[in-house]
Amino acid sequence: METSHRELLISKVPNGAAKIAPAPSAGFARSESHISSSSAIIIEAEACRQRYKRLHPKDCADDEKDYKTLVHTLTQERLSAIFKTKIEEGACKTGLCGLKEEQARVYFNVYGKNEITPPKRENIWIKLLRQTFLGIFNILLWSCVIAEVALIVIFSGEGSGEETHHSGKEGPDYVTPIILSAVIVMAALLQWYSELKAEVQMEAMQKLQAASKVPTVRMDHGRRVDLELDPLNLVPGDIIFVQAGDRIPADVRILHCTDGTEVDNSALTGESMPEPRHNKTEPVTCPPPEARNLAFFGTTVLKGNATCVVHATGDATFLGKIAQGIKSSRVKSTLEIQIEHFVHIIAVVAICVGLLSLLANLLSPVKRGPAEILQNSAAALFAKVPEGLLPTVTISLMIASDQMASRNVIVRKIDAVETLGCVSVFCSDKTGTLTTGEMATQDLVVPSSASFSLEVHRRDRDSGLFKSQKLLEDIATCGVLNNGAEIFQVDGGEERWTGSPTEVAILRACAEVNGGSAATATLKQRPENFKTFEIPFNSENKWMLTIHGDQNVGYFAILKGAPERVMKYTTLQSDPSIVGKVEQQLQDLMGQGRRVLCIAKKDLDANDVPKGGKFEGTNATDCNFPMKDFKFVGLYGIEDPPKKGVAEAVLDAQKAGVKVVMVTGDHPDTARAIAGRINILGSAVETPANEAEQLQGAVEFSVITGVMLDTRI
């Protein structure tokens, strides 16, 4: 599609009005039609700003730092009117939808590129000059250089070099100021080069994280245009399409989504648990971050696909507001504070010594001339200034910075290395920092005999995988078939797992038992395992049901979900003693910080199958097949496991005298279990009778949960 060659230069002025930057003179007068067109553009730009204000509360200022919006409370018809974008019923996959091209160009000039404004970077040459001539220690050293040069200039004319030689007096000292100047400049160059190299490396890493194109629909001259847009070119009002595995390119309102759509908000919240999404209008009392019809820039779609309308871009997004909130003036490092304090002491001592030397020379019985007295006093003063301290500190920090680089750590400011060495307490988030940020199945619990004893199977310590065993075949097969996650082969033979973290965790474990992803794919493709019907997981049922097979080989159903919901549909309910064993095992797993899911299976008789094999229903009450007499298959124990090497790193920190603190919003049992495994707590302690006792006990401040923080604020 050919775009217009005319560029609109619209800028925002303090009173909110928009203006057109004057075009350079081309040697002829502007036509009235061009002036009229420009005026129309200005009016439209201001009109779109006024419409955009309707998405925010009345008390929201233009430079508001908090994330405030009403977009989740508005109907689709209202959104269409505000953005002047066409929204069709359904998923907008066909028909005229989206913004008009000319409207999108106006929006782009009003709102700019869809990117978060990076912090202002200092010019590299100004930075070099600042590091050379500023800083209290540099100023002290340059003062010494200037004083030395001044003495040379003042007393150089008192006698010729020959006279000075015959009299036995030393000539002017040109070497000291030259060497001292070279030391200051070289130390500044070393620091400047080290920090510049770190910035270049960070920029290179950011360029590697290029976002993929976004499927977008617009209108041009009355026809539908499907585009693959760069995320930078998205504007409010654009209708986009996202699917599992995609990164959300801007803040969007969901217009349509498949059942069970989930997103990963860990980039914003730090929690790895997926969050469901829908397209229903939320009440006004619902805060935007908690609205389930919104998806935010920087998050990821884990499951399902959705049609969305962009409502905020760049700095106006939730992530952009966070970025604005953390922009602040640079705080002095501990090294700078210590050196500043040291220089103050040195300056006072040097001045006192210089004055005392001057006084001693004046009161001395040996008569000296003014030049000699001044030189003696200056020499006493300069002797107290440690000229070698600057290069010593700089070179030491550079050596430490290189050692950090060998451990894959980029040091932007070399004095930060010393600050790290002063740390006595590490406060760390749990999810994604101490843990992998990915759910993993750690336990497979299956019944083992007619007396119904439960066996717990865990990963092999050496390989970290589940071993293939006859006893685990049933739970592994059911976990593969009743699962919304998928395995894809990408370039280079690498496997890509998509779906919610919980589903992926179960599928990975079951694939290990079945012999790998290839064997798992073969299992799903068998005719007898063909999925005929599905009731997706939702917050009301708290279970997922799939039916497999056909009329020739017969049908079987698999039910997976929360243990308390699945168990009531199984045959175990008739035996309280067996139910007690399962509940005891549940308590043991949850005490270890596991999230537990139960799975059951049922072979459907001919009388259970509806006519024509057309299964229907959305819950246990409206199904056209019986939801009872399921056979208990087993339990999955799932957790976000600690990262490899974290337990050893915590021990190393503790040996160095650093106290490690874990901050999490998880349940205290989960937090305590993880803390015990990574050595923050000596061992997993018993759960106290109440939380107040735990706070006052021996493990005080070793594990701090969100509830504890709330009660103390």
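Fair warning: this is a prediction, and the values are worked out from it, not measured in the lab.

Calculation criteria
- Residues numbered from 1 in each chain as written.
- Predicted model: local features only at pLDDT ≥ 70, side-chain atom pairs only at ≥ 80, totals over all residues.
- Heavy atoms only, no water.
- Phe/Tyr/Trp six-rings, centres within 6.5 Å; stacked < 30°, edge-to-face > 60°.
- Helix = DSSP H or I, 4+ residues; strand = E, 2+ residues; numbered from the N terminus.
- Expected span 1.5 Å × (residues − 1).
- Buried < 20%, exposed > 50% of the residue type's maximum accessible area, 1.4 Å probe, protein only.
- Pairing = 2+ DSSP bridges.
- Axes fitted to C-alpha atoms, helices over the stretch in contact; angles between N-to-C directions.
- Contact = heavy atoms within 4.5 Å.
- Salt bridge = Lys/Arg side-chain N within 4 Å of Asp/Glu carboxyl O.
- Parallel < 35°, antiparallel > 145°, perpendicular 65-115°, else oblique.
- Nonpolar A, V, L, I, M, F, W, Y, C, P; charged D, E, K, R; others polar.

## Quick word on the packing of aromatic side chains
Thought 1: Within this structure, the stated rule accounts for nine aromatic pairs.
Thought 2: Relative to Y111, the ring of Y107 lies with its centre 6.0 Å away and its plane at 80°, an arrangement referred to as edge-to-face. With a gap of four residues between them, Y107 and Y111 both fall in helix α3 (residues 101-111), about one helical turn apart.
Thought 3: Put simply, the rings of F533, Y555, F615 and F625 pair up and form one aromatic cluster.

## As for helix α10 (residues 334-363)
Thought 1: With 30 residues, α10 ought to run about 44 Å at 1.5 Å a step, and its terminal C-alpha atoms sit 43 Å apart, in line with that.
Thought 2: Taken together, the buried positions of α10 are occupied by L335, V343, I346, A350, G354, S357 and N361.

## Observations regarding the sheet that holds strand β20 (residues 554-561)
Thought 1: Spatially, β15-β14-β22-β21-β20-β19-β18 is the arrangement adopted by the seven strands of the open sheet, whose pairing is antiparallel. Two strands close off the open sheet at either side, each with one partner strand: β15 (454-458) and β18 (531-535). Pairwise comparison of adjacent strand axes, ignoring direction, gives a mean angle of 20° for this sheet.
Thought 2: Seen against the sheet, helix α19 (residues 576-591) touches β14 (440-447), β15, β21 (595-604) and β22 (631-639) and runs at an angle of roughly 25° to β15.

## Side note on the sheet that holds strand β9 (residues 275-276)
Thought 1: Taking strand neighbours across the sheet as the criterion, the three strands line up as β9-β8-β11 in an open arrangement whose pairing is antiparallel. The two strands at the open ends of the sheet, each matched to only one other strand, are β9 and β11 (300-303).
Thought 2: In the sheet, strand β8 (residues 262-264) pairs with β11 via three bridges, with the strands oriented antiparallel. Each bridged residue has a counterpart across the sheet, and for D264 the counterpart in β11 is T300.

## Observations concerning the pairing of strand β4 (residues 214-220)
Thought 1: With six of seven residues buried, β4 lies mostly within the body of the structure.
Thought 2: One ladder, built from two bridges, connects strand β3 (residues 99-100) with β4; its direction is parallel. Within β4, the position partnered with L99 by the bridge is R218.
Thought 3: Where β4 meets strand β5 (residues 223-229), seven bridges bridge the pair, whose relative direction is antiparallel. Following the sheet pairing, P215 is matched in β5 by E228.

## A few points about the pattern of salt bridges
Thought 1: Enumeration according to the criterion identifies 17 salt bridges in this entry.
Thought 2: A salt bridge links E639 to R594, with the nearest nitrogen and oxygen atoms 3.1 Å apart. In this pair, E639 is assigned in strand β22 and R594 in the loop between α19 and β21, connecting sequence segments 45 residues apart.
Thought 3: Where salt bridges share partners, they join D443, R458, R594, E639 and R677 into one cluster.

## Some remarks on the packing of helix α16 (residues 501-514) against helix α17 (residues 517-525)
Thought 1: Two numbers describe how α16 lies on α17: the axes approach to 8 Å, and their chain directions differ by 95°. Our classification of the angle between α16 and α17 gives roughly perpendicular. For the pair α16 and α17, the contacting residues are L507, A511 and N514 in the first and A519, T520 and L523 in the second.
Thought 2: A class-by-class count of the residues in the contact of α16 with α17 yields four nonpolar, two polar and no charged.

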